[in-house]
Amino acid sequence: MTSSIVTRLDRRDGPPASLERLRAAGLVRRASDRVDQAVERSLPVAPALRPLLPGGCLRRGSTVTINGPASIPASGATSLLFAVLAEASAAGSWCAVVGLSRLGLVAAAEAGVAIERLALVPHPGPDWVDAVGALLDGLDIVAVGVPGGVAPRLATRITARARQRGAVLVVVGAWPGADVTLQITAATWHGLGAGVGRLRRREVEVVASGRGAATRLRRARLWLPGPSGAPMPAETNHISIDDYRDRAQRAAAQQRRAS
Amino acid sequence: MAVRTLTLWCPDWPVTAAGLIDGVDPYAPVAVLYANRVLACSAAARAEGVRRGLRKREAQARCPHLVVVEHDPDRDARAFEPVVAAVEALTPGVEVIRPGVCAVAAKGPAGYYGGEEQAAERLVEHIALHCGVVAQVGIADGVFAALLAARRGRIVPPGATAEFLAGMDISTLDRPELVELLRRLGIRTLGDFAALPAGDVLARFGVDGAYAHRLAAGKDDRPLAVRSPPPDLVVTGEYDPPLERVDMAAFAARALADRLHERLAAYGLAATRLGIEARTAAGEELHRVWRHDGLLDAATIADRVRWQLDGWLTGSATRLRAHGGVFSDPDAPTRSDGLVVARPTAGIDRLRLIPDGLVRCSGMQPGLWGELGEADARAHRALHRVQGLLGPESVYTAVLGGGRGYAERVRLVPWGDERRAEGNDRPWPGRIPAPAPATVLTEPIPVMVCTADGAFLHVDERLTLSGPPATVRLPHGPGAEGSSGAPLTVTGWAGPWPVDERWWAPGEANQSVRLQLGVADGSALLVAGRDGTWWLEAVYD
């Protein structure tokens, strides 16, 4: 019986029709597809950030910068950094943050960053370029805060190192020649009234621009942080029971003031 | 058959221990008290009439210049350790019965030193010479009889133990309830007790009574519970000529680390802490304990030796510490700020690696598919290199612990140290609910929070605000979040959350209230009112 099946398969040219159907449905892939799959060359990001990044992921070897508007000093750049790190960190990647000494790590944990795989170099000093280079060799994501800006030649060197090592360089601040720039254009906190409620979530608008696949401007509105601390797309209209309670409290307070 | 046992007894051990460790004069009248009763006293105190079991006041009435010391079992045990080591030096297989008393099988030393008497003499002399402790030795069949013999300094001939015990008082059994009962039954000596039929004793007094009966009859056949000496795991390297440069020392440390590893692996152990001790030819010593999360391998040990010596050789100022032996050069130059510049004057001639915090280790187990470990090992190596570049205190990982403020919930530990979280299981009432601020200032900066009429915002004892907060003004300078000193309009606020922490510790008390402030440009701040000032603690960035 076995031999009859073998001969039947041998006589056919190409794979059987049923296999074609399965492949069309995306249920079966060639083994050779795996090697140069984007999956191997990328790190996952939170679903809310996927529309902003080319391919919906953090490509290994790329450089991502995060900027807030100059008019608002605290517009959510740090929260956006945590959001970028969160998914990859939770999936087992090691991350490092260089040169940012005032991180609120409780917020990082709430955003989903695995704190035990987050290395901090708060005060790298003048040797920060060497430190970043060494970190890019071994870690998946290296975030750098450069308050004073960086010379283009140095930036090129570090970007090339990241590309060669397959690590993702995330920069808070300006960086010449970045692949993707995430710019926060608007940020509003929700949940805080005049003496009632408390900070619940923030709605931010992020515009992504860049080079290559990221040339097209992409725009997304997200909750950063969302009701649970993790970033969420703002399109999904999450109104929690807390929001209703806040609204009721606010209305009651207004009534009191009116009367 | 009872084992021929040699027992070494140090009279009044609690007193001797207090003399050895706390420096009490053992020749003065000294009494060690436990629960207000005299537990032991020195010979001088006994001569004045102080006895065991007396109350403190009675003892002091009999001897007004009595030195009273509290009983400390740890001190007794600690002081006895050198004595046991001295006995072990002459004869192996020592059982410590209690601090002050130890026993060995008599057969070995008696054969080696040419007789029981010679062995006993030799032991007493050795202990007096090496530990400065007076001891008495007794030899008999069985531990119980040998201890009684030691109290009298006698060597009971083989087979004569029952005879020796027969005349002893029944209270030597050290079982108060049984002894009292036997006394009331008219049994006053061990011989009387031993004469009773064994079956009847078992039926009337139970198993423990039967055991006491065997002891009284000199049939103590319990074998000695010999202690095994702890393995010596310290690795020492001597260098001649002395090591002059840090890299030479690190290279030597690598070889030492390999040896330490082999030795630990032979015992199936792993160290979680490591003490590195370096001594220079001029006699200076530098000792530091390194904690480590996970296992220390040869490369990490070599790195730590390098860091430790680097700091020492480059003359970083070390605060002179009274304990720990960090520094031992009396002629070191003192800087104006009271720090002593510790710098060695000669090359290193001895390195010692002292493993500490030993745990059982059966080896590292990598993941079945290799998914665990490879990326981690790569990251560890990279972080290690950064530590090598910038110094050991440059790379941190954070541990989230308990607390109410955001700054106190985060503890940064240098990379490689063990991470231990504390207080996460406590409720922490007064903690500000999530979401947490993304920027937490390491040093809070003072801000002005004012009400609509420009007055300073006050919070009274009942936690009511003096008015709705209207403006917040951040100071000039780099500390503020890009503000230029202009007042920002407050659009919303929440709180106050009161905190009254550690009021029992005067230096650490913290009484404050926290407010969340929403500002007109869309950002939000967390301010804390403390000591009449508002402090910017965190920014919801």
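Small disclaimer: the values here were computed from a predicted structure and weren't measured.

Trainee: How would you sum up the overall build of chain B? Please name residues and give values.
Mentor: Assigned secondary structure in chain B consists of 15 helices and 21 strands. Counting over 541 residues, chain B shows a buried share of 34%. Residue pairs in contact within chain B that sit at least 24 positions apart in sequence constitute 54% of those at least 6 positions apart.

Trainee: Hey, could you go over the overall build of chain A for me, with residue numbers and the actual values?
Mentor: If you tally the helices and strands in chain A, you get seven helices and 11 strands. Counting over 259 residues, chain A shows a buried share of 46%. Counting only contacts in chain A whose residues sit at least 6 apart along the sequence, the fraction spanning at least 24 positions is 65%.

Trainee: Before we move on, can you summarise the interface of chain B and chain A with the specific residues and values?
Mentor: On the side of chain A, 48 residues touch chain B, which itself brings 49 residues to the contact. Counting residues per element, the ones that place at least two in the side of chain B that touches chain A are α14 (374-390), β14 (396-400), α15 (406-409), β15 (410-414), β16 (439-451), β18 (488-501), β19 (510-519) and β21 (533-539) of chain B. A per-element tally of the side of chain B that touches chain A places α14 of chain B first, with 10 residues. In terms of residue class, the side of chain B that touches chain A is built from 30 nonpolar, 11 polar and eight charged. Relative to β14 of chain B, strand β5 (residues 118-121) of chain A is paired through two bridges, and the arrangement is antiparallel. Residue Ala-119 of chain A lies in a different strand from β14 of chain B, and its bridge partner there is Thr-397 of chain B.

Trainee: Help me get a handle on the packing of helix α5 (residues 128-138) of chain A against helix α6 (residues 152-165) of chain A, residues and values and all.
Mentor: Geometry of a packed helix pair, given as the angle between the helix axes and the separation of the axes. Residue and element names in this part refer to chain A. Running from N to C, α5 and α6 point in directions that differ by 15°, and their axes come no closer than 9 Å. For the element pair α5 / α6, the angle class is roughly parallel. As for how α5 packs across α6, the hand of that crossing is right-handed. Listed contacts from α6 to Val-129, Val-132, Gly-133, Leu-136 and Asp-137 of α5 are Leu-154, Ile-158, Arg-161, Ala-162 and Arg-165. Residue composition of the contact of α5 with α6, by class: six nonpolar, one polar and three charged.

Trainee: Give me the lowdown on the sheet that holds strand β13 (residues 348-360) of chain B, citing residues and values where you can.
Mentor: All names here are of chain B. Read across the open sheet, the four strands follow the order β8-β13-β9-β10; overall the sheet is antiparallel. Here the strands that pair on one side only, and so sit at the sheet edges, are β8 (235-243) and β10 (285-291). Averaged over all adjacent pairs, the angle separating strand axes in this sheet is 20°, with direction ignored. As paired elements, strand β9 (residues 269-280) and β13 share 11 bridges and run antiparallel to each other. Residue pairing for β13: Ala-271 is matched across the bridge by Leu-358.

Trainee: Outline the confidence of the model for chain A, supporting the account with residue identities and numerical values.
Mentor: Residue and element names in this part refer to chain A. Of the residues in chain A, 82% have a pLDDT of 70 or more, and the chain-wide mean is 80. Taken together, the stretch residues 1-7 has pLDDT below 50 and engages in zero contacts with residues farther than four places along the chain or on a different chain. Low confidence marks residues 34-39, where pLDDT is under 50. Its contacts with residues over four positions away, or in another chain, come to two contacts.

Trainee: Can you lay out the nonpolar core for me, pointing to particular residues and giving the numbers?
Mentor: One finds Val-98, Leu-135, Ile-141, Val-142 and Ala-143 of chain A to be the most contacted residues of the largest nonpolar core, which totals 111 residues. When residues in this core are grouped by element, the largest group, nine residues, is from helix α3 (residues 77-90) of chain A. In terms of domain composition, this core takes at least three residues from each of domain 4 (366-422) and domain 5 (439-539) of chain B. Discounting chain neighbours no more than four positions away, the residues touching Val-142 of chain A are Ala-96, Val-98, Val-132, Leu-135, Leu-136, Ala-167 and Leu-169 of chain A. In terms of nonpolar packing, the next biggest core, distinct from the first, is built from 66 residues, Ala-45, Ala-145, Phe-164 and Leu-215 of chain B among them.

Trainee: An account of the environment of Arg-153 of chain A is needed here, citing residue identities and associated values.
Mentor: All names here are of chain A. In this fold, Arg-153 is placed in helix α6. Residue class for Arg-153 comes out exposed when judged on the 8 C-beta atoms lying within 10 Å of it. Spatially, the C-alpha atom of Arg-153 lies 9.3 Å from that of Pro-176, the residues being 23 residues apart in sequence.

Trainee: Lay out the sheet that holds strand β6 (residues 141-145) of chain A in plain terms, naming residues and giving numbers.
Mentor: Strand order in the open sheet formed by 11 strands is β11(A)-β10(A)-β9(A)-β8(A)-β3(A)-β7(A)-β6(A)-β4(A)-β5(A)-β14(B)-β15(B), and the pairing between neighbours is mixed. Strands with a single pairing partner mark the edges of an open sheet, and in this sheet they are β11 (232-233) of chain A together with β15 of chain B. Where strand β3 (residues 63-67) of chain A lies against strand β8 (residues 180-192) of chain A, four bridges are found, and the strand directions are parallel. Directly across from Ile-66 of chain A, in β8 of chain A, lies its bridge partner Leu-182 of chain A. Strand contacts of α3 of chain A: β3, β4 (95-98), β5, β6, β7 (168-172), β8 and β9 (197-210) of chain A, with the helix running at about 145° to β3 of chain A, the strand carrying the most contacts. Running at roughly 145° to β7 of chain A, α6 of chain A makes contact with β3 and β7 of chain A of the sheet.

Trainee: Can you break down helix α12 (residues 246-266) of chain B residue by residue, with the values?
Mentor: All names here are of chain B. With 21 residues, α12 ought to run about 30 Å at 1.5 Å a step, and its terminal C-alpha atoms sit 30 Å apart, in line with that. When we look at burial in α12, the residues that qualify are Ala-249, Ala-250, Ala-253, Leu-256, Ala-257, Leu-260, His-261 and Leu-264. End-on, the buried residues of α12 take up no more than an arc of 155°, which puts them together on one face. Turned more than 90 degrees away from the buried face of α12 sit Glu-262 and Ala-266, all of them exposed.

Trainee: A description of the pairing of strand β20 (residues 524-530) of chain B should follow, citing residues and the corresponding values.
Mentor: Residues and elements named next belong to chain B. In terms of residue burial, β20 counts as a mostly covered element, since six of its seven residues are buried. Bridge count between β19 and β20: six bridges; the pairing is antiparallel. Bridge pairing in β20 places Leu-515 opposite Val-527. The antiparallel pairing of β19 with β20 creates a hairpin that spans four residues between the two strands, and Gly-522 there sits at a positive phi of about 100°. Bridging between β20 and β21 involves six bridges; their strand directions are antiparallel. Looking at β21, one finds that Ala-528 is bridged to Trp-535.

Trainee: I'd like a description of α5 of chain A, backed by residues and values.
Mentor: Here α5 of chain A lies mainly inside the structure; eight of its 11 residues are buried. Buried residues of α5 of chain A: Trp-128, Ala-131, Val-132, Gly-133, Ala-134, Leu-135, Leu-136 and Gly-138 of chain A, and no others.

Trainee: So what about unusual backbone geometry? Which residues, and what values?
Mentor: Glycine aside, residues mostly have negative phi angles, and peptide bonds mostly take the trans form. Leu-224 of chain A connects to Pro-225 of chain A through a cis peptide bond whose omega is -5°. One can find Pro-225 of chain A in the loop between β10 (218-223) and β11. Of the consecutive residues Ala-434 of chain B and Pro-435 of chain B, the connecting peptide bond is found in the cis state with omega at 5°. The backbone of Asp-174 of chain B sits at a positive phi, close to 60°, despite the residue not being glycine. Mapped onto the secondary structure, Asp-174 of chain B falls in the loop between α8 (161-166) and α9 (176-184). On the basis of neighbour counts, which here come to 11 C-beta atoms within 10 Å, the residue Asp-174 of chain B falls in the exposed class. Positive phi outside glycine occurs at Asp-531 of chain B, with the angle close to 50°. Tracing the chain through its elements places Asp-531 of chain B in the loop between β20 and β21.

Reading the values: rules and limits
Residues numbered from 1 in each chain as written. Chains lettered and ligands numbered in written order. Predicted model: local features only at pLDDT ≥ 70, side-chain atom pairs only at ≥ 80, totals over all residues. Helix = DSSP H or I, 4+ residues; strand = E, 2+ residues; numbered from the N terminus. Buried ≥ 20, exposed ≤ 12 C-beta atoms within 10 Å, placed from the backbone. Contact = placed C-beta atoms within 7 Å. Nonpolar A, V, L, I, M, F, W, Y, C, P; charged D, E, K, R; others polar. Pairing = 2+ DSSP bridges. Axes fitted to C-alpha atoms, helices over the stretch in contact; angles between N-to-C directions. Parallel < 35°, antiparallel > 145°, perpendicular 65-115°, else oblique. Left-handed = near helix turned anticlockwise from the far one by under 90°. pLDDT = per-residue confidence, 0-100. Core = buried A, V, L, I, M, F, W, Y, C linked by C-beta atoms within 7 Å. Domains from an automatic or database assignment. Expected span 1.5 Å × (residues − 1). Arc of directions from axis to C-beta.

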